[in-house]
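As a plain string of letters, each chain reads:
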Amino acid sequence: TDSICVPGFDPSLSMMTGITPINPMIPGMGLVPPPPPTDVPVVKEIIHCKSCTLFPPNPNLPPPSTRERPPGCKTVFVGGLPENATEEIIQEVFEQCGDITAIRKSKKNFCHIRFAEEFMVDKAIYLSGYRMRLGSSTDKKDSGRLHVDFAQARDDFYEWECKQRMLAREERHRRKMEEDRLRPPSPPAIMHYSEHEAALLAEKLKDDSKFSEAITVLLTWIERGEVNRRSANQFYSMVQSANSHVRRLMNEKAAHEQEMEQAKESFKNALTGILTQFEQIVAVFNASTRQKAWDHFSKAQRKNIDIWRKHSEELRNAHSEQLMGIRREEEMEMSDDDSGDNPSKKLRVDDSGKATFLYNVK
C-alpha cells in the first residue's frame, strides 16, 4: 500500500532483492489523470505542424496497445516514422507534449524521446496511431503510421529510485518527529550526592513549595546507596524533615474535609429550599384542580394544568428522595461515630452477643 503521509512513496521498494517495485504512476493515484471511459470512443482531430501533418486514426478501431509502464518512465519509443523524417521534424511534433531533454534517432524508422516530466509521456502516448505525412508529399518515404509506447530507460529508473529514497527519508523523519512529539517528557536528571548538595536539599525539604521535588531527590539518593557511616546523620536529619511534613499533610486533609462538609451542608440547605418551592407549586396545581376553580378552565387549559401538575410531582418526589438519602447517610455516619467513641458500649454489645450465643448452645 502507498504511504498515507507522503504521496507517491512506495514502501515495498527493495533495492537488495531486485524485486520490481510497484508502479506509483498508475492512473487514479493523483499523478496521472484517469483514462477516459473505454465505452466512449475518443474523437481525435487533425494536428497541423510547420513541416508535417498528423491525421487521426479511425475512431472505431481499438486503441493501440502499450506495454506496462515502467516506474518513473520519462522516455517513449516512437516507431513507424517516415524514412525522410529528420530529428528537427520529430522535435517539432513532440515538443508540443512538453520539454524534450534528449532524442536518440536510429537509422531505421524509430527513435527514443526523453521528456523532462513523467506526465508528458501520457501526452506523447496520445499520438500513437496517428498517420504522419511530411508536407503535402504523397511519396511513401514521406508518410508513416506512428506507434508510441513506454520505453525502459536506466536513467528514468535511477531517478525514480533516488526519488523513492528521498521520500523514504522524509517519511522516516516525519515519523520520528511524530514519535518525539508523542513521547512523554523525560524526568529531570537527579544530581549526584555531595555534602553541599545535601545541605541545599535539607533546606528545600523545609520549604512546602519545593518539598515534592526534594523528596524525589532524597529517595533517589537512598536507593543509590549513598547512605554510609559518614553521611548517616545528614540523611537522618533529612528523613526527620520529611516526617515533619506528615503533620502538615494531615492538617491539609482536615481542612479539605471541613470544606467538603461545608459544601455538603450548603447543598443540603439549597436542596431543602428547592423542595419547599416544589411543594408550594404542587399545592397551587392541586388547588387549581378543585371543583371551585376547575369548572372555569377550558378543556385545553385543564389538560395543560394536569400535565404540569404530574411533572412537578415527579420532580418533587425525586428531590425528596435525594434529600432523604443525604439525611440517611448523615445518620449512619453519626451512628458510626457514636459506636467508635464509646468502646464500653461496644464491649457491652459484644458481651450480650456472646451471652446470647452461649444460651443458644445450651
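What counts as what
Residues numbered from 1 in each chain as written. Predicted model: local features only at pLDDT ≥ 70, side-chain atom pairs only at ≥ 80, totals over all residues. Heavy atoms only, no water. UniProt positions renumbered as here; feature names shortened; annotations may be inferred. Helix = DSSP H or I, 4+ residues; strand = E, 2+ residues; numbered from the N terminus. Buried < 20%, exposed > 50% of the residue type's maximum accessible area, 1.4 Å probe, protein only. pLDDT = per-residue confidence, 0-100. Contact = heavy atoms within 4.5 Å. Core = buried A, V, L, I, M, F, W, Y, C linked by side-chain atoms within 4.5 Å. Patch = residues over 30% accessible without salt bridge, like charges linked within 9 Å, V, L, I, M, F, W, Y side chains within 5 Å. Areas by Shrake-Rupley, 256 points an atom, 1.4 Å probe, with all protein chains shown as cover. Salt bridge = Lys/Arg side-chain N within 4 Å of Asp/Glu carboxyl O. Expected span 1.5 Å × (residues − 1). Pairing = 2+ DSSP bridges. Axes fitted to C-alpha atoms, helices over the stretch in contact; angles between N-to-C directions.

Under an unreviewed UniProt entry, the name given to the protein is ENOX1 protein, and the source organism is Tricholaema leucomelas. Reading the Sequence similarities (unreviewed entry) entry of the UniProt record for the protein gives the comment "Belongs to the ENOX family."

1. Let's talk about the overall build of the protein
Broken down by element type, the protein carries nine helices and eight strands. Split into buried and exposed, the 362 residues of the protein put 27% on the buried side.

2. Overview of the confidence of the model for the protein
With 81% of its residues at a pLDDT of 70 or more, the protein has an overall mean of 82. Below pLDDT 50 for its whole length, residues 1-6 participates in 12 contacts with residues either more than four positions away or in separate chains. Note that residues 14-32 has pLDDT below 50 and, in this model, 32 contacts with residues that lie over four places away or in other chains.

3. As for the nonpolar core
Val76, Val78, Phe94, Ile113, Phe115 and Met132 are the most contacted members of the largest nonpolar core, which has 28 residues in total. Going through the elements one at a time, strand E2 (52-55), strand E3 (75-79), helix H1 (87-94), strand E5 (110-115), helix H2 (119-125), strand E6 (131-134) and strand E8 (147-150) are the ones with two or more residues in this core. Residue contacts for Phe94: discarding those within four places in its chain leaves Val78, Ile100, Ile113, Phe115, Ala124, Leu127, Leu146 and Val148. If you look at the next biggest cluster of nonpolar residues, it comprises 13 residues, including Ala198, Phe211, Val217 and Leu218.

4. A look at a nonpolar patch on the surface
There is a patch of nonpolar side chains on the surface, built from Ile222, Val227 and Val239 and spanning about 220 Å² of accessible area. Following the sequence through the fold, Ile222 ends up in helix H5 (residues 211-224).

5. Quick look at H5
When the terminal C-alpha atoms of H5 are compared, their 20 Å separation across 14 residues agrees well with the 20 Å that a helix rising 1.5 Å per residue should span. Contacts made by the buried residues of H5 are with helix H4 (195-205) and helix H6 (232-288). Immediately beyond the C-terminal end of H5, within one or two residues, lies Gly225, with a positive phi of roughly 85°.

6. Some words on the environment of Asn269
By the element assignment, Asn269 lies in helix H6. Among the residues examined, Asn269 registers a relative accessible area of 46% and is labelled partly exposed. With 54 residues separating them in the primary sequence, Asn269 and Leu323 have C-alpha atoms 9.6 Å apart.

7. Description of the pairing of E2
Of the two faces of E2, the one carrying Cys52 and Leu54 and the one carrying Thr53 and Phe55 are both buried. The pairing of strand E1 (residues 47-48) with E2 spans two bridges and is antiparallel. By the bridge assignment for E2, Ile47 is matched with Leu54. Linkage of E1 to E2, two consecutive antiparallel strands, is achieved through a turn of three residues. Two elements, E2 and E6, share four bridges in a ladder whose sense is antiparallel. Bridging across to E6, Leu54 finds its partner in Met132.

8. Some thoughts on the environment of Gln164
Counting through the fold element by element, Gln164 comes out in helix H3 (residues 154-182). Residue class for Gln164 comes out buried when judged on its relative accessible area of 2%. Measuring from C-alpha to C-alpha, the distance between Gln164 and Gly72 comes to 10.0 Å, with 92 residues separating the pair along the chain.

9. Topic: the sheet that holds E2
Backbone-to-backbone hydrogen bonds pair the strands of a sheet. The strands run either parallel or antiparallel. Spatially, the four strands line up as an open sheet ordered E1-E2-E6-E7, and their pairing is antiparallel. Since the sheet does not close on itself, it has two edges, and those belong to E1 and strand E7 (143-145), each with one partner.

10. Thoughts on the sheet that holds E5
Taken in spatial order, the four strands line up as E4-E5-E3-E8 in an open sheet, and their pairing is antiparallel. Since the sheet does not close on itself, it has two edges, and those belong to strand E4 (100-105) and E8, each with one partner. Each strand of the sheet is rotated relative to its neighbour by a mean of 20°, with strand direction disregarded. Where E4 and E5 come together, five bridges link them in antiparallel fashion. Across the sheet, the residue bridging to Lys105 is Cys111, located in E5. Contacting E3, E4, E5 and E8, H1 crosses the sheet at an angle of about 140° to E4.

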